[in-house]
2 protein chains.
Amino acid sequence: MELVSRTATFGGEIRRLKHRSEACDCDMTFGVFLPPQAQRGPVPALLWLSGLTCTDENFMIKAGAQRVAAELGLAIVCPDTSPRGTDFPGEHDDYDFGSGAGFYVNATQAPWSANYRMYDYVTRELPALVEAELPVNGKWGISGHSMGGHGALICCLKNPGKYLSVTAFAPICNPSNGGWGQKAFINYLGEDRNDWAEYDAAVLIGSAEEKLPLLIDQGTDDEWLSDQLKPGSLEQAAIASHYPLTLRMQEGYDHGYYFVATFIEDHLRHHARALS
Amino acid sequence: MELVSRTATFGGEIRRLKHRSEACDCDMTFGVFLPPQAQRGPVPALLWLSGLTCTDENFMIKAGAQRVAAELGLAIVCPDTSPRGTDFPGEHDDYDFGSGAGFYVNATQAPWSANYRMYDYVTRELPALVEAELPVNGKWGISGHSMGGHGALICCLKNPGKYLSVTAFAPICNPSNGGWGQKAFINYLGEDRNDWAEYDAAVLIGSAEEKLPLLIDQGTDDEWLSDQLKPGSLEQAAIASHYPLTLRMQEGYDHGYYFVATFIEDHLRHHARALS
């Protein structure tokens, strides 16, 4: 791993690290916040998955999470949102597909399947690398925003035992039935909707083997709420399968990072309770 | 004033507002955070002056100040860092001069003197506009970062009674003796160093009519510390004139917003004590 930068904050530090990814067959950069407690021994970690157009940096810069993470002794690991350095036709044309929009799936369709294997990257390769190289103790929570909220939900629902806590901000809850998800799934996974179900939280939650309490915050003034995010579909499926979901509709909040910043403290405390 | 955007955060809201500036003879955009308390009546306000390359948005996005400001019932007003929309020769070529680098002075040299009157803008026009149009009570604190820290210091030192509190992060303390300041002052103010003294905190502090307790945080790993910022010059002058300066050298911190975010809570509480 190559150290890109190292910046002191809240008694801990943010490192940006670059490494060759086997899953994505390219160089990947990620960010990690190490709280002051990590200077004395390994700490639990939150894996944060970001949304469309983001890199590893958006959450670190905008969410204001480090203050509480430093208090709680929680590391935060922020991967990028897609492979980088490739140049497939159309890869960089749209904000909602291709670079910056990996959707945390393993693509099966050419040409994407050669690199767009973000599911393997965030569930297997990156956590193993972090555990091997950084002072974390192997206890993981997972969270994310929008496309990254979708990522957090599916990673958790598909991997019982892997995470001790899960939350999400304005997640894409039922991507098979929204424009962003359909565009991504058709191109990455193909036309067969049965293959989409594997990466759709509103489907997966009905047969979850493990039922971690799930906290979701969603703004009522989010412009993507009804067309793209569809928390109602997840809520219905959660009720039907007795999954413990707390869906908080936050009056007047939109989809942006000012919304995430407002409620990140609640989420971090939720994770810390399970991880410590 | 034209409302550019309005975003809920921490129970309050951030508004971006655009207006015709008389001082700068151009349209100017500024940001304001209104805490939840402003829904019930006027609140005190902190004027935040940003550094080189910034707009009205950087502090709002990166400093994580809204949480504490919402708790304390403090509005935060963030002007831009220079006039916009003009196109003088060389105006947009350098990060440390021209657009994004108004240095909070009233330029006297052509062509800059036509628009670069940021001192009048931030000390007179903008506060008057905010007091007329927004729920603030006329009690002001002032703070800023780097070039904006310089701005906060000179605005306070030149206007006894105008502000009730003052702090700064990594301010340019003695611009007459650093590269950034000299480049700006030669071009905006001309070659006569006597004219520079009017905008140099390390000079002004020696004859301050009012001695507001001044809190400064400065990172020891700041790459600009010795060549550009020179807090030692300010400290010497403060000691000589018995000015109450608390200069905190923060071990391992650099010049960026992760440093500001770490200590902004202390500064906001310092201001709130004087303003409430």
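About the criteria used
- Residues numbered from 1 in each chain as written.
- Chains lettered and ligands numbered in written order.
- Predicted model: local features only at pLDDT ≥ 70, side-chain atom pairs only at ≥ 80, totals over all residues.
- Heavy atoms only, no water.
- Helix = DSSP H or I, 4+ residues; strand = E, 2+ residues; numbered from the N terminus.
- Rg over C-alpha atoms; globule rule 2.2 N^0.38 Å.
- Contact = heavy atoms within 4.5 Å.
- Areas by Shrake-Rupley, 256 points an atom, 1.4 Å probe, with all protein chains shown as cover.
- Least-squares fit on C-alpha atoms with pLDDT ≥ 70 in both.
- pLDDT = per-residue confidence, 0-100.
- Buried area = accessible area lost by both parts, 1.4 Å probe.
- Salt bridge = Lys/Arg side-chain N within 4 Å of Asp/Glu carboxyl O.
- Polar contact = N/O pair within 3.5 Å; in protein donor to acceptor, adjacent residues only side chain to side chain.
- Nonpolar A, V, L, I, M, F, W, Y, C, P; charged D, E, K, R; others polar.
- Phe/Tyr/Trp six-rings, centres within 6.5 Å; stacked < 30°, edge-to-face > 60°.
- Buried < 20%, exposed > 50% of the residue type's maximum accessible area, 1.4 Å probe, protein only.
- Lys NZ or Arg CZ within 6 Å of the ring centre and 35° of its normal.
- Pairing = 2+ DSSP bridges.
- Axes fitted to C-alpha atoms, helices over the stretch in contact; angles between N-to-C directions.
- Arc of directions from axis to C-beta.

(A) Examining the overall build of chain A more closely. A tally of helices and strands in chain A yields 10 helices and nine strands. Over its C-alpha trace chain A gives a radius of gyration of 17 Å, about what one expects of a compact globule, namely 19 Å for 276 residues. Overall, the C-alpha framework of chain A stretches about 50 × 40 × 35 Å when taken along its three principal axes. Taking the contacts inside chain A whose residues are at least 6 apart along the sequence as the reference set, 72% of them involve residues at least 24 apart. As displayed, chain A offers around 10,100 Å² of accessible surface, 46% of which is attributable to carbon and sulfur atoms.

(B) Representation of the relation of the copies chain B and chain A within the structure. Of the two same-sequence chains, chain B is brought onto chain A (RMSD 0.0 Å, axial shift 0.0 Å) by a rotation of 180°. The symmetry that links the two subunits is that of a two-fold axis. Residue by residue, 100% of the interface of chain B is reproduced at the interface of chain A, so both copies engage with the same surface.

(C) Just the confidence of the model for chain A, in detail. Residues and elements named next belong to chain A. For chain A, the average pLDDT comes to 98, and 100% of its residues sit at 70 or higher. Within chain A, the element-level pLDDT minimum falls on helix α8 (residues 225-229), averaging 97, and the maximum on strand β5 (residues 75-78), averaging 99. For this predicted complex, the interface confidence score (ipTM) comes to 0.95, while the overall pTM stands at 0.96.

(D) Local environment of the interface of chain B and chain A. In this assembly, 18 residues from chain B lie in contact with 18 residues from chain A. Both faces considered, chain B and chain A share a buried interface measuring about 1,600 Å² in area, 58% of it formed by carbon and sulfur atoms. At the surface where chain B touches chain A, the tally comes to zero salt bridges. The tally of links from chain B across to chain A stands at 10 residue pairs in polar contact (both at pLDDT 80 or more). Looking at the side of chain B that touches chain A, the elements that each hand over two or more residues are β1 (2-9), α1 (58-62), α2 (66-72) and α10 (257-275) of chain B. The element contributing the most residues to the side of chain B that touches chain A is α10 of chain B, with four residues. Grouping the constituent residues of the side of chain B that touches chain A by class yields eight nonpolar, six polar and four charged.

(E) Just the packing of aromatic side chains, in detail. A complete count under the given rule lists 35 aromatic pairs over all chains for this structure. When the centroid spacing of 6.4 Å and the interplanar angle of 85° are considered together, the rings of Tyr-95 of chain A and Trp-180 of chain A count as edge-to-face. Of this pair, Tyr-95 of chain A sits in the loop between β5 and α3 (118-133) while Trp-180 of chain A sits in helix α5 (residues 179-189), and the two are 85 residues apart along the sequence. Consider the rings of Phe-103 of chain B and Phe-185 of chain B, whose centres lie 6.4 Å apart with planes at 75°: the pair is edge-to-face. Of this pair, Phe-103 of chain B sits in the loop between β5 (75-78) and α3 (118-133) while Phe-185 of chain B sits in helix α5 (residues 179-189), and the two are 82 residues apart along the sequence. In this structure, Phe-103 of chain B and Phe-185 of chain B share a single accessibility class: buried. Positioned above the aromatic ring of Tyr-119 of chain A, the side-chain terminus of Lys-158 of chain A is 5.3 Å from the ring centre. Its guanidinium or amino end placed over the ring of Tyr-199 of chain B, Lys-158 of chain B lies 4.7 Å from that ring's centre, counting from NZ or CZ.

(F) Main features of the sheet that holds strand β7 (residues 165-169) of chain A. All names here are of chain A. Spatially, the nine strands line up as an open sheet ordered β1-β2-β3-β5-β4-β6-β7-β8-β9, and their pairing is mixed. Because the sheet does not close on itself, it has two edges, and the strands there are β1 (2-9) and β9 (245-250). Direction aside, neighbouring strands of the sheet carry axes that sit 20° apart on average.

(G) Highlighting the sheet that holds strand β2 (residues 12-21) of chain B. Residues and elements named next belong to chain B. Spatially, nine strands are ordered β1-β2-β3-β5-β4-β6-β7-β8-β9 in an open sheet, and the strand pairing comes out mixed. The strands lining the two open edges of the sheet, one partner per strand, are β1 and β9 (245-250). When strand polarity is set aside, the average angle formed by the axes of neighbouring strands in this sheet is 20°. Pairing analysis gives six bridges linking strand β8 (residues 214-219) to β9, with the strands arranged parallel. Counterpart to Gly-219 in the pairing with β9 is Gln-250. Packed on one face of the sheet, α3 meets β2, β3 (26-34), β4 (43-49), β5 and β6 (136-144) and runs near 120° to β2. Along the sheet, α10 makes contact with β4, β5, β6, β7 (165-169), β8 and β9, crossing β7 at roughly 175°.

(H) Broad picture of the pattern of salt bridges. Applying the stated criterion to the full structure yields 34 salt bridges over all chains. Residues Glu-13 of chain B and Arg-6 of chain B are paired through a salt bridge, measuring 3.2 Å at the closest nitrogen-oxygen approach. On the basis of relative accessible area, Glu-13 of chain B is assigned to the buried category, the value being 17%. Salt bridges linked by common partners bring Arg-67, Glu-71, Glu-265 and Arg-269 of chain A together as one network.

(I) Molecular detail of the environment of Val-122 of chain A. Residues and elements named next belong to chain A. Tracing the chain through its elements places Val-122 in helix α3. The exposure class assigned to Val-122 is buried, which follows from its relative accessible area of 0%. The spacing of Val-122 and Trp-48 is 74 residues in sequence and 9.7 Å in space, taken between C-alpha atoms.

(J) A look at the pairing of strand β8 (residues 214-219) of chain A. Of all the six residues making up β8 of chain A, six are buried; the element is thus mostly covered by neighbouring parts of the structure. A two-sided burial pattern is seen for β8 of chain A, the buried positions comprising Leu-214, Ile-216 and Gln-218 of chain A on one face and Leu-215, Asp-217 and Gly-219 of chain A on the other.

(K) Representation of the side chain of Ser-82 of chain A in the model. Residue and element names in this part refer to chain A. Secondary-structure assignment places Ser-82 in the loop between β5 and α3. Judged by relative accessible area, Ser-82 falls into the buried class, the value being 0%. At 2.8 Å, the side chain of Ser-82 and the backbone nitrogen of Gly-100 are in polar contact. Once you skip the residues sitting within four places of it in the chain, Ser-82 turns out to touch Met-28, Gly-98, Ser-99, Gly-100, Ala-101, Gly-102, Tyr-116 and Met-118.

(L) Main features of helix α9 (residues 231-240) of chain A. Residue and element names in this part refer to chain A. Of the residues making up α9, those classed as buried are Pro-231, Leu-234, Ala-237 and Ala-238. An end-on view of α9 places all buried positions within 130° of arc, on one side of the element. Looking at α9, the residues exposed on the side facing more than 90 degrees away from the buried face are Gln-236, Ile-239 and Ala-240. Buried residues along α9 sit against α4 (147-158), α7 (201-204), β8, α8 and β9. Downstream of α9 by one or two residues, His-242 has phi in the positive range, about 55°.

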